[in-house]
Amino acid sequence: MTTQDERAAAANAAAAAPRGRRAPGGGKGGGDARGQRRLAALLLSPTLLVLALVIGYPVLAGFRESLYARGEGLDESGFVVEGTRFVGFDNYTAIFSGDPAGAFWNAFGNTTFFTFTTVILETVIGVGMALIMHRAFRGRALVRASILVPWAIPTAISGLLWRWIFQADGAANALLRQQILWTADGWPAKLAVIIAEVWKTSPFIGLLVLAGLQMIPRDVHEAARVDGASAVQRFWSVTLPLVKPALLVAVLFRLLDVLRMFDLPAVLIGVNQDSVETLTMIAWFEASNLRYGSAAAYATVLFVYIALIAYLFVKLLGADIIGEAREETKRAKRQKARRRKAVQA
Amino acid sequence: MRRIPRIGGAVAGAVLALSLAGCGGDGDGDGSSGTSAESLQGRGPITFVTGKDRSGNLQKQLDGWNSEHPDEKVRVIELPDEPNEQRQQMIQNATTKSDAYTVLNLDVVWTAEFAANRWLTELPEDKIDLSTMLPATVETGRYRDRLYAVPSTSDAGMLYYREDLLEKAGISEPPKTYRQMWDACAKVERLDEAEDVDCFFTEVNKSESMTISMVEAIGSAGGAIIGPDGKPAVNTPQAKQGLEFLVRAYEDGRMPKSAITLDTEGGRRHFQEGRLVFQRQWPYQYSLANEDDGSSEVAGKFAVAPLPGPDGPGVSNLGGHNLAISAFAENKATALDFVRYLTGAQAQRDNLLATSQAPTIAALYDDPELVKKFPYLPVLKSAIENATPRPVAVKYGDVTAAIQEAGYAAVTGDAPVDEALADLQGELETLTAQK
């Protein structure tokens, strides 16, 4: 229901906003413009309200929770002392320099490590998959469908699946003819998580890149070929730049996703395993032991980290989805101004 | 009193939703947190909150109750399979002070946490027939000498052993000590059919199972992780001897190298494939390993005995479930009757027959008809009688995580036994300190 409202509001907003902006130049009355602006605000307000409710409020509530601690000590008869206590930033300072600092930096390192290794691998493999799927050959539909199968399996299920593969007498060891203890706490566990994660999410990148590939007109390639570019040259100088917007969006999505990875390592290796413990797992552990304040602090730190990574990614690589739209309106305005000048002249 | 809305800290960026559910708990003014025994009043419909009922027996028992008590019907609320998720949902219900849950089916290790947080109603001992129950199981329902829960099922580890292999090696009795067990292994090893067979297995993967193995090993050596006075006691020679048993067994290769990855079911697979001489395992494996449909290669070839110890019979960990009444529920008089009904001899007998879950009523273990169907009952009874509970701690989640960490580090050789135990002692002291 809300999504319907949201969609309607968004559509109205999209229709209303430019008109409002255009109004002053368009020679219409100022009162009319103000009315339209008011209408726009009115039509947008359900969207904003919903956003504030489902995003703004939880973020603030989570932050607020992270400033409190409760139920720590026991009284004489063994009952937990009730009540919430304001502790300011204690939960945060504890994360960075208190007892839990070791666990935090370990989880932070794991999260970052998984993020970079899996996203890089996924990108390479995903682009490869997209190039294969893009080719015209017999049985292409079958290949496309089978490549997408891993993405269709719920993460928890694929976690179980890989646990069977990686168990001591499982398929992985049978294939390698080795006795590697993948699901014990150690570096093989990290590798197991990376393999399972890449297996599951490469198709996602492949899918988005494929969509990008199909937008490239055929004659661009033809022209490059006529000009004598080799296959490698064509890939680097024609295909990759043209598919870049789609690829960057895909990578950004994966980055944000893997930074909050939880269920795969939890199911595949288990909770409380130092080698695969991520920030979400640590927050979950705190919450399940009733330390909601510190859990909220972990979650807030992770939230800031994710926001930072996303910001850097957008800034450095220019995966600016909204920015492009902004560019377009700017361009349209410039054109209009030029046209107006021409008319005045 | 200032109203403090308890608000869930679900953090966007879709991190995770901390489950504290909406604005519920404004502080209650009456101060009685429903912990006194006199407050068991009110009759009417109630709910029973439990994990999945796979056998369908629970529904049968509820139907029996409901037809006899048409005005006090019980509705079952089934929680997820995962024990941790069950605990989560019960805690969520308690922190919002909801009356949706009446009777709770608690794992024995949750009693302290739930009681200390005032989430349970204290139960009147004179109105429940505790004398028919195994004393060890009744203890698991107490917190600080007050009764908060009634045991409904129990569980204890037993030593599964390959009778056929021991017989061939000329051994007629199951081992009572570790030494006898290793000696038996040495003899069995010489047999032709024992080529791919490992000597012994108890769970040492980094999970709750590790805590259980530690409790058993340290208990068998005469120690305790948290002593009877509530103080951590792993800086003792007994604790060291206990942990060393696990470390040596793994180091020497008496346990398979894969032991640090095998969970309960993995251990069962290992035993059923005929790859173990001795195994510490729960009773549930008995009928599964005796299945003659080809799923088990050891059907009819094994038997059970009490766990061995360093100088005589060892100590088992005590598992099981207890029934408790939520402090925030209504119709507590009905709830008490229902708890008595479900923990009564007849209900437990039916339950044992339908689900093979160990009862807490002592007499059932000596019932000839039941013993015929479940030949391990006498062994299990003595295991439960000598069993020791896992550490009683309000912060049980943290305590068990610390024990797992120390045990795993020692078994895998990451930390010497002394160091692992010293670290554990320090951590447990912080966790159990009374502020």
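Residues numbered from 1 in each chain as written. Chains lettered and ligands numbered in written order. Predicted model: local features only at pLDDT ≥ 70, side-chain atom pairs only at ≥ 80, totals over all residues. Heavy atoms only, no water.

Visitor: What is the right way to read the side chain of Glu72 of chain B from this model?
Guide: Residues and elements named next belong to chain B. Positionally, Glu72 belongs in the loop between helix H1 (57-68) and strand S2 (74-78). Glu72 gets classed as buried once you look at its relative accessible area, which sits at 14%. A polar side-chain atom of Glu72 sits 2.9 Å from a polar atom in the side chain of Arg43. Apart from residues lying up to four places away in sequence, Glu72 is in contact with Arg43, Gly44, Pro45, Trp65, Asn66 and Thr334. (Helix = DSSP H or I, 4+ residues; strand = E, 2+ residues; numbered from the N terminus. Buried < 20%, exposed > 50% of the residue type's maximum accessible area, 1.4 Å probe, protein only. Polar contact = N/O pair within 3.5 Å; in protein donor to acceptor, adjacent residues only side chain to side chain. Contact = heavy atoms within 4.5 Å.)

Visitor: Help me understand the interface of chain A and chain B, please; the structure alone is not making it clear to me.
Guide: Note on interface size: it is often stated as the accessible area lost on association of the parts. Tallying the contact residues gives 48 residues for chain A and 54 residues for chain B. In total, about 4,200 Å² of surface goes out of reach between chain A and chain B, with carbon and sulfur atoms giving 53% of it. Counting the surface chain A buries against chain B, the share from its top three residues, Leu74, Phe79 and Tyr292 of chain A, is 14%. Summed over the shared surface of chain A and chain B, the number is 7 salt bridges. (Buried area = accessible area lost by both parts, 1.4 Å probe. Salt bridge = Lys/Arg side-chain N within 4 Å of Asp/Glu carboxyl O.)

Visitor: I keep staring at the packing of aromatic side chains and nothing clicks. Help me out?
Guide: Aromatic rings in a pair are described by how distant their centres are and how their planes are angled relative to each other. All names here are of chain A. Per the counting criterion, the structure on display carries 35 aromatic pairs over all chains. On the basis of an interplanar angle of 40 degrees and a centroid distance of 6.4 Å, the ring pair of Phe63 and Tyr92 is categorised as tilted. One end of the pair, Phe63, is in helix H2 (residues 30-65); the other, Tyr92, is in helix H3 (residues 90-97), with 29 residues separating them in the sequence. Given a relative accessible area of 33%, Phe63 falls into the partly exposed group. Ring centres of Trp105 and Phe108 lie 5.4 Å apart, and the angle between their planes is 85 degrees; this geometry places the pair in the edge-to-face category. With Trp105 and Phe108 both in helix H4 (residues 101-134) and 3 residues apart, the pair spans about one turn of that helix. (Phe/Tyr/Trp six-rings, centres within 6.5 Å; stacked < 30°, edge-to-face > 60°.)

Visitor: How should I be thinking about the confidence of the model for chain B in this particular structure?
Guide: If pLDDT is low for a region, its predicted coordinates should not be looked at in detail. Residues and elements named next belong to chain B. In this model, chain B carries an average pLDDT of 89, and 91% of its residues clear a pLDDT of 70 or more. When mean pLDDT is taken per element in chain B, helix H8 (residues 237-251) scores highest with 97 and helix H2 (residues 83-95) scores lowest with 91. Taken together, the stretch residues 1-35 has pLDDT below 50 and engages in 78 contacts with residues farther than four places along the chain or on a different chain. Note on the complex model: pTM 0.83, ipTM 0.82. (pLDDT = per-residue confidence, 0-100.)

Visitor: In this structure, what is going on with the sheet that holds strand S9 (residues 276-281) of chain B? I would like to understand it.
Guide: Within a sheet, adjacent strands bond to each other through the backbone by hydrogen bonds, running parallel or antiparallel. Residue and element names in this part refer to chain B. Here 4 strands make up an open sheet; going across it, the order is S8-S9-S7-S10 and the pairing mixed. Of all strands in the sheet, those bounded by a partner on one side alone are strand S8 (198-201) and strand S10 (302-305). Adjacent strand axes in the sheet meet at a mean angle of 15 degrees when their direction is disregarded. With 3 bridges joining them, S8 and S9 adopt parallel strand pairing. (Pairing = 2+ DSSP bridges. Axes fitted to C-alpha atoms, helices over the stretch in contact; angles between N-to-C directions.)

Visitor: Teacher, can you tell me more about empty space enclosed by the protein here?
Guide: All names here are of chain B. The full count for this structure, using the stated rule, is 4 cavities of 30 Å³ or more. Looking at the largest cavity, its volume works out to about 110 Å³. Residue assignment for the lining of the largest cavity shows that the elements contributing at least two residues are helix H7 (208-220) and H8. A per-element tally of the lining of the largest cavity places H7 first, with 4 residues. When its residues are assigned to classes, the lining of the largest cavity shows 9 nonpolar, 3 polar and 2 charged. (1 Å grid on protein atoms, 1.4 Å probe; cavity = no way out; pocket = protein on both sides within 12 Å on 5 of 7 lines; lining within 4 Å. Points joined across faces, edges and corners; volume = space filled by probe spheres on them. Nonpolar A, V, L, I, M, F, W, Y, C, P; charged D, E, K, R; others polar.)

Visitor: Sorry, what's going on with the sheet that holds strand S3 (residues 103-107) of chain B here?
Guide: All names here are of chain B. The strand order across the open sheet formed by 5 strands is S2-S1-S3-S11-S6, and the pairing between neighbours is mixed. Across the chains shown, the open sheet's two edge strands, defined by having one partner strand only, are S2 and strand S6 (149-156). Looking at each pair of strands side by side, their axes are set apart by 20 degrees on average, direction ignored. Contacts from H1 reach strand S1 (46-50) and S2 within the one sheet, and its direction differs from that of S2 by about 160 degrees. Contacts between helix H11 (residues 332-342) and the sheet are confined to S1, S2, S3, S6 and strand S11 (318-325), with S11 contributing the most and set at about 150 degrees to the helix.

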